[in-house]
Amino acid sequence: MELLKVEGLKKSFGRTDVLMGIDFSLQKGEVLAIIGSSGSGKTTLLRCLNFLETPNEGKITVSGHAVYDSTDKKRKSAKEKRENQLKFGLVFQSFNLFPQYTVHKNITLAATLALKNTAKKEKMTGAQKAAALAEIEAKADRLLAQVGLSEKKESYPCQLSGGQCQRVAIARALALDPEILCFDEPTSALDPELTGEVLRAIKSLKGGDRTMVIVTHEMEFARNVADKVIFMADGVIEEVGTPEELFGAPKSPKLRAFLQKDKDI
Amino acid sequence: MFSSLSEWFSKELPAIGERFVNAFLPESAEEFMTIAESLWSGFTTTLELFALTLLFALPLGLIISFGSMSKFKPLKYLMKIIVWIVRGTPLMLQIFIVFFIPGIVFNNPIFKQDRFLAALITFVLNYACYFSEIYRGGIESISVGQYEAGQVLGMTKAQTFFHVVLLQVIKRILAPISNEVITLVKDTSLVRVISVIEIIKVAERFSSQGLLWPLFFTSVYYLVFNGILTLLFGYIEKKLSYFRS
Ligand SMILES: Nc1ncnc2c1ncn2[C@@H]1O[C@H](COP(=O)(O)OP(=O)(O)OP(=O)(O)O)[C@@H](O)[C@H]1O
Ligand SMILES: [Mg+2]
């Protein structure tokens, strides 16, 4: 069974139709790259997956469980909403780190706040709570090591380079163990010499059963890291296939033109 | 009046000098101490009004700012109208109105016994409206990315506001808030229009007895107090300078 299934997803803002029926599915452990020219609706698609936008029509299913279904008008409880939200993680183009917290606290904040709530609800003992807290902190340390920023643990975001900020943002998203981790052009806010470190960090996450959806303008990267590539144009999926198929033998004229433009730069 | 300039110099000038000395210099250390003390007792009213106004107006302003940013249109416009009226009319007029309404409209002049309460209510409402606009500006200046980051990390709206946004808002609004706070110290002198005895009212009594220095000396109280506030705000600003947002 697919981990993620998107069916007939439509989204418009006022009178502009941005997504006009998106269908795709993803297996557990797969890496999907989404490419396409500016304004084709890539960000909107990711935002719909992460509940930052509400689609007008369609269905989103994770492991057979509908997290969004436009035909189902039943209101979801706050708990269910949160559970659905946490199935997805999102790394923003502009990082959106919390400036007043250290790198380490940025990673632990959400989990710590959630712990406070469950501790109250389930009447955890002080020792249980302390153990859970220690686990959250230890995990943050492991994630920081993974993105190569252990020595920046106590720094504040304003003391970091853009590339370092984005690696912290990746660790922050990973801290909540999302089933599907999404990236929206994770390197386009960075100086060219900093994109490499971030792309390497993302590449190192591949493997095992980590499922990722990456919107990117880095064609080389998409080709190397993705199992599956979607080319979007004007709110629809114009072409989908393996990197070899899309980059090696593009069928659609729009994709050919898009790839040609990328080569010309 | 004077036949010559030399006569003016020899007669009037010394008299002016004497009146000047009498008006501007305390006669004795005792006189200075007693007057400084009654000025201080007037200043405690000022301080009390100042502290209580901040205590209530700072949180009330937050509530009003939430109201004026509400998606529920009637509430939003109600708040905007209140803020428009309060900011669009003189504080002195508002003090009079609040003071006289219970007596004239409800035939129950409750504020006759407690004039200070009338002043306090007016100040709280007035300052809450000014604060609410500062808060609104601060809250709206925080990028939506901060809220969205909170949401995708599974935080509730309240958690995102109190743990992510609030401190950034405080950092941004510190300068305009400190301006308002210092204005508040000076605005407290308006309460004398409904005969609440504050420091300037006390000093004025002495000047009607021919003493000018108490009037000047009140400025020392204001200057010292505002100096302390300025240092305090500078300290908070420094404390929050460890991050940029
Ligand atoms: N909140 C919004 N309100 C109105 N229109 C919007 C909104 N968000 C996006 N759009 C429009 O939707 C279209 C698709 O935008 P989107 O950001 O999804 O494109 P994109 O593929 O991510 O482009 P880019 O490569 O430049 O990031 C654009 O025409 C944009 O103007
Ligand atoms: Mg985009």
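Residues numbered from 1 in each chain as written. Chains lettered and ligands numbered in written order. Predicted model: local features only at pLDDT ≥ 70, side-chain atom pairs only at ≥ 80, totals over all residues. Heavy atoms only, no water.

Residue and element names in this part refer to chain B. The grouping of L93, I97, F100, I101, I104, V105 and F106 at the surface amounts to a nonpolar patch, some 710 Å² of accessible area in total. Secondary-structure assignment places V105 in helix α4 (residues 91-106). Residue V105 is classed as exposed on the basis of its relative accessible area of 55%. (Patch = residues over 30% accessible without salt bridge, like charges linked within 9 Å, V, L, I, M, F, W, Y side chains within 5 Å. Areas by Shrake-Rupley, 256 points an atom, 1.4 Å probe, with all protein chains shown as cover. Salt bridge = Lys/Arg side-chain N within 4 Å of Asp/Glu carboxyl O. Helix = DSSP H or I, 4+ residues; strand = E, 2+ residues; numbered from the N terminus. Buried < 20%, exposed > 50% of the residue type's maximum accessible area, 1.4 Å probe, protein only.)

Throughout the structure, instances matching the rule amount to 23 aromatic pairs over all chains. Their ring planes at 85 degrees and their centres at 5.4 Å tell us that B:W8 and B:F9 sit as a pair that is edge-to-face. Taking relative accessible area as the criterion, B:F9 reaches 46% and is therefore assigned partly exposed. Consider the rings of B:F96 and B:F100, whose centres lie 6.3 Å apart with planes at 15 degrees: the pair is stacked. Pair noted here: B:F96 and B:F100 are both in helix α4, with a separation of four residues, about one helical turn. Overall, the relative accessible area of 29% leaves B:F96 in the partly exposed class. An aromatic cluster is defined as three or more aromatic residues linked by ring pairs; in this entry it consists of B:F32, B:W40, B:F43, B:F50, B:W213, B:F217, B:Y221, B:Y222 and B:F225. A cation sits over an aromatic face here: A:R172 above A:F98, 4.6 Å from the ring centre. Between the NZ or CZ atom of B:K171 and the centre of the ring of B:F243, over which it lies, the distance is 4.7 Å. (Phe/Tyr/Trp six-rings, centres within 6.5 Å; stacked < 30°, edge-to-face > 60°. Lys NZ or Arg CZ within 6 Å of the ring centre and 35° of its normal.)

All names here are of chain A. If you trace the six strands from one edge of the open sheet to the other, you get β6-β7-β8-β3-β9-β10, paired in mixed fashion. The outermost strands of the open sheet, each flanked by one partner alone, are β6 (88-91) and β10 (236-241). Adjacent strand axes in the sheet meet at a mean angle of 20 degrees when their direction is disregarded. By the bridge criterion, five bridges tie strand β9 (residues 228-233) to β10 in an arrangement that is antiparallel. Residue pairing across strands places I230 opposite V240, the latter belonging to β10. In the packing of helix α2 (residues 78-87) onto the sheet, the strands contacted are β6 and β7 (180-184), and the crossing angle to β6 comes to about 55 degrees. (Pairing = 2+ DSSP bridges. Axes fitted to C-alpha atoms, helices over the stretch in contact; angles between N-to-C directions. Contact = heavy atoms within 4.5 Å.)

Here we come to the confidence of the model for chain B. All names here are of chain B. Within chain B, residue pLDDT values average 92, and 99% of them lie at 70 or more. Within chain B, the element-level pLDDT minimum falls on helix α1 (residues 5-24), averaging 84, and the maximum on helix α6 (residues 144-152), averaging 97. Among the prediction metrics, the complex's ipTM stands at 0.93, with pTM recorded as 0.88. (pLDDT = per-residue confidence, 0-100.)

With 19 residues of chain B in contact, the opposing surface of chain A contributes 24 residues. Summed over both sides, the interface between chain B and chain A buries roughly 2,000 Å², with carbon and sulfur atoms accounting for 60% of that surface. By the criterion of area lost to chain A, the three top residues of chain B are B:V152, B:L153 and B:H163, representing 32% of everything that side buries. Linking chain B with chain A are one salt bridge, by the criterion used here. Ionic pairing is found between B:E148 and A:R47, a salt bridge with its closest N-O pair at 2.8 Å. Linking chain B to chain A there are 12 residue pairs in polar contact (both at pLDDT 80 or more). Per-element tally for the side of chain B that touches chain A: the top contributor is α6(B), with seven residues. (Buried area = accessible area lost by both parts, 1.4 Å probe. Polar contact = N/O pair within 3.5 Å; in protein donor to acceptor, adjacent residues only side chain to side chain.)

This paragraph deals with the site of ligand 1. All names here are of chain A. With respect to spatial proximity, the complete set of residues near ligand 1 consists of F13, V18, S37, S38, G39, S40, G41, K42, T43, T44, E185 and H217. Within the side chain of S38, a nitrogen or oxygen atom sits 2.5 Å from an oxygen atom of ligand 1. Alone, ligand 1 offers 640 Å² of accessible surface; in the complex the protein occludes 58% of this. In terms of residue count, helix α1 (residues 42-49) provides more of the shell around ligand 1 than any other element does, three residues in total. When the residues that make up the shell around ligand 1 are grouped by side-chain class, the tally is two nonpolar, eight polar and two charged. (Near = heavy atom within 4 Å. Nonpolar A, V, L, I, M, F, W, Y, C, P; charged D, E, K, R; others polar.)

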